[in-house]
Amino acid sequence: MKGEGTMKKAKLFTMAAALVTSLVVFMGCPQPTSGGGGGGGGGETYVGDAVAAYNEANYYVYLESTTGVQDNDSELYAFDGTCALADATSTGSGIPEGSVALKVTNTGSAAGWSAGGWTTATSADMSAYNALVFYVLAKPTEFNGQLKVKIGGTSESPEIAVQFTADGTWKKVQVHLDQFTGIDKTAITKPFIFVSEDTDFNDIFYLDNIYYTHIDGFTYTPPTIPSPTTVPPTPSESASNVISILSQGTYTDVTGTNWGTDWDAAECETISVNTATNIKKITLTGWGLGVEGWTTFDITGKTTLHIDYWTANGTALSIKVVDFGNDGSYDGGDDKEITVPLTTVTQNNWTGVDLDFSGLETKGHIAQILVLPNGGAANQIYYFGNMYFK
């Protein structure tokens, strides 16, 4: 199919003044077809060329050949200037499909990550597909990070780490759609989002031939992650010395607290573990969880935030506390915040930590608490039993 059909250019846009050059982008028809092969949830294969034939039953995100492919008003963006996007006609290892690939260059503006992807004006039903397929190339001298992908609509899925060898040759990656959890797959408007954790300025990777399909025999078995079976420790601090955000009945918690917001990137649910009925299960699918909703409260005189947590797969965690300043209003010009990381993360036991927040400049209008992954692995799961200032 190379060279067949009329080549078109889709509309491109920038996000927060990101500069983007024109690229060949197409979206396609949302009904599946059976394909070959099977296997696990991902992996890599040396690629000398793309799939032998394209068909109307696949859904194409990035493709030059247009026979049977419907333009779905797609737009490509670089997020917040974190990367530069450009056509690449030479990669040192050919082009899997057509004559142009997407070149992604880290601009260094985000100090350790970059992101971008495609959005569509019209949502698509991906629920009958089971695979997102794409091709990636990176050279060992030009890429030193972790590549992740996610999809979404009104909400976004967790970031899925892509395992491939950066050896200067094209790799075919298949991600099972069951790995993209927490989203409505019948209304996808963000069919491909990439997140690179490469920390080096001007590092490069390439993408090509991105599409959805159905592959017979392609399955995914979610990993089994242990969860706590015992209750968290009962705090011994006097209630008169505590301002509690979360407890299991020991204290009266601040009223109106919402664990999760419409602007964060995490999942949170309340679960019971034996007699403890107010455990917060937090899955850090992206940059972190927002905790807010109360009328701002005063922690003047308090220097420490205590947390009792449990995790089986957590590797890093930090907590940010935000005070809205003397005017008590968001973005009033005097907001103050401080982020404190956990020195170490202990797994498979309830662990209590005291985080020093004495450096927070104002404490009279506490408005937000953010639970952040602090550079840890994607989809860390934490259980919080107690959280209080003292």
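The structure displayed is predicted, hence computed values, not measured ones.

Cut-off values and rules
- Residues numbered from 1 in each chain as written.
- Predicted model: local features only at pLDDT ≥ 70, side-chain atom pairs only at ≥ 80, totals over all residues.
- Heavy atoms only, no water.
- Helix = DSSP H or I, 4+ residues; strand = E, 2+ residues; numbered from the N terminus.
- Buried < 20%, exposed > 50% of the residue type's maximum accessible area, 1.4 Å probe, protein only.
- Contact = heavy atoms within 4.5 Å.
- Areas by Shrake-Rupley, 256 points an atom, 1.4 Å probe, with all protein chains shown as cover.
- Pairing = 2+ DSSP bridges.
- Polar contact = N/O pair within 3.5 Å; in protein donor to acceptor, adjacent residues only side chain to side chain.
- Axes fitted to C-alpha atoms, helices over the stretch in contact; angles between N-to-C directions.
- Salt bridge = Lys/Arg side-chain N within 4 Å of Asp/Glu carboxyl O.
- Core = buried A, V, L, I, M, F, W, Y, C linked by side-chain atoms within 4.5 Å.

**Section: the overall build of the chain**
Next up, step 1: A tally of helices and strands in the chain yields 0 helices and 22 strands.
Next up, step 2: By residue count, 51% of the 390 residues in the chain fall in the buried class.
Next up, step 3: Expressed as a percentage of contacts within the chain between residues at least 6 apart in sequence, the contacts between residues at least 24 apart total 81%.
Next up, step 4: Split by element, the accessible area of the chain, about 16,200 Å² in all, is 47% carbon and sulfur.

**Examining the pairing of strand S18 (residues 318-323)**
Next up, step 1: Of all 6 residues in S18, 6 are buried, a share of seventy percent or more.
Next up, step 2: A two-sided burial pattern is seen for S18, the buried positions comprising Ser 318, Lys 320 and Val 322 on one face and Ile 319, Val 321 and Asp 323 on the other.
Next up, step 3: Judged from the 6 bridges that link them, S18 and strand S19 (residues 336-341) form a sheet pairing that is antiparallel. Along S19, the bridge assignment pairs Ser 318 with Pro 341.
Next up, step 4: Pairing of S18 with strand S21 (residues 366-372) involves 6 bridges; the strand directions are antiparallel. Residue pairing across strands places Asp 323 opposite Ile 366, the latter belonging to S21.

**As for the environment of Leu 76**
Next up, step 1: Its place among the elements puts Leu 76 in strand S3 (residues 74-78).
Next up, step 2: A residue is classified by how much of its surface remains accessible, and Leu 76, at 0% relative accessible area, is buried.
Next up, step 3: Along the sequence, Leu 76 and Tyr 62 sit 14 residues apart, while their C-alpha atoms lie 9.8 Å from each other.

**Looking at the environment of Tyr 382**
Next up, step 1: Of note, Tyr 382 is situated in strand S22 (residues 380-389).
Next up, step 2: With a relative accessible area of 0%, Tyr 382 lands in the buried category.
Next up, step 3: Through-space distance from the C-alpha of Tyr 382 to that of Pro 228 is 10.0 Å; in sequence the pair is 154 residues apart.
Next up, step 4: Apart from residues no more than four positions distant in its own chain, Tyr 382 is found in contact with Lys 280, Lys 281, Ile 282, Leu 284, Tyr 309, Trp 310, Thr 311, Gly 314, Thr 315, Ala 316, Leu 317 and Val 345.
Next up, step 5: A distance of 3.0 Å separates a polar side-chain atom of Tyr 382 from the backbone oxygen of Ala 316.

**What to know about the sheet that holds strand S6 (residues 114-120)**
Next up, step 1: Spatial ordering of the open sheet is given by S3-S6-S11-S8-S9, a layout of 5 strands whose pairing is antiparallel. Taken across any chain shown, the strands that pair with only one partner, and hence form the sheet edges, are S3 and strand S9 (160-162). Averaged over all pairs of adjacent strands, the angle between their axes in this sheet comes to 20°, without regard to strand direction.
Next up, step 2: Note that strand S8 (residues 147-152) and strand S11 (residues 190-196) share 5 bridges and pair antiparallel.

**Describing the pattern of salt bridges**
Next up, step 1: By the definition in use, this model includes 10 salt bridges.
Next up, step 2: A salt bridge links Lys 150 to Glu 156; the shortest N-O distance between them is 2.7 Å.
Next up, step 3: With relative accessibility at 12%, the residue Lys 150 sits in the buried group.
Next up, step 4: Between Asp 354 and Lys 390 there is a salt bridge whose closest N-O contact spans 3.3 Å. Of this pair, Asp 354 sits in strand S20 (residues 351-356) while Lys 390 sits in the segment after S22; the two residues are 36 residues apart in sequence, bridging distant segments of the chain.

**Here's the deal with the side chain of Thr 169**
Next up, step 1: Along the polypeptide, Thr 169 turns up in the loop between S9 and strand S10 (171-176).
Next up, step 2: Assessed through its relative accessible area of 17%, Thr 169 is described here as buried.
Next up, step 3: Side chain to side chain, Thr 169 and Lys 171 meet in a polar contact 3.1 Å long.

**Overview of unusual backbone geometry**
Next up, step 1: Residue Asn 209 is not a glycine yet carries a positive backbone phi of 55°.
Next up, step 2: The topology assignment puts Asn 209 in strand S12 (residues 204-215).
Next up, step 3: We note that Asn 374 has phi near 55°; this positive angle belongs to a residue other than glycine.
Next up, step 4: Here Asn 374 lies in the loop between S21 and S22.

**Quick word on the nonpolar core**
Next up, step 1: If you look at the biggest cluster of nonpolar residues, it comprises 37 residues, and the most contacted ones within it are Phe 134 and Phe 192.
Next up, step 2: Ranked by residues supplied to this core, first place goes to S12 with 4 residues.
Next up, step 3: With residues up to four places along the chain from it excluded, the contact list for Phe 192 reads Val 61, Gly 116, Gly 117, Trp 118, Leu 132, Phe 134, Val 149, Lys 150, Ile 151, Leu 207 and Ile 210.
Next up, step 4: With 34 residues, the next largest nonpolar core counts Ala 266, Ile 282, Val 291 and Leu 355 among its residues.

**As for the pairing of S6**
Next up, step 1: Burial analysis of S6 places 7 of its 7 residues in the buried class, which makes it a mostly covered element.
Next up, step 2: Of the two faces of S6, both are covered, the one formed by Ser 114, Gly 116, Trp 118 and Thr 120 as well as the one formed by Ala 115, Gly 117 and Thr 119.
Next up, step 3: Sheet topology note: the S6/S11 ladder contains 5 bridges and is antiparallel. Directly across from Ala 115, in S11, lies its bridge partner Val 195.

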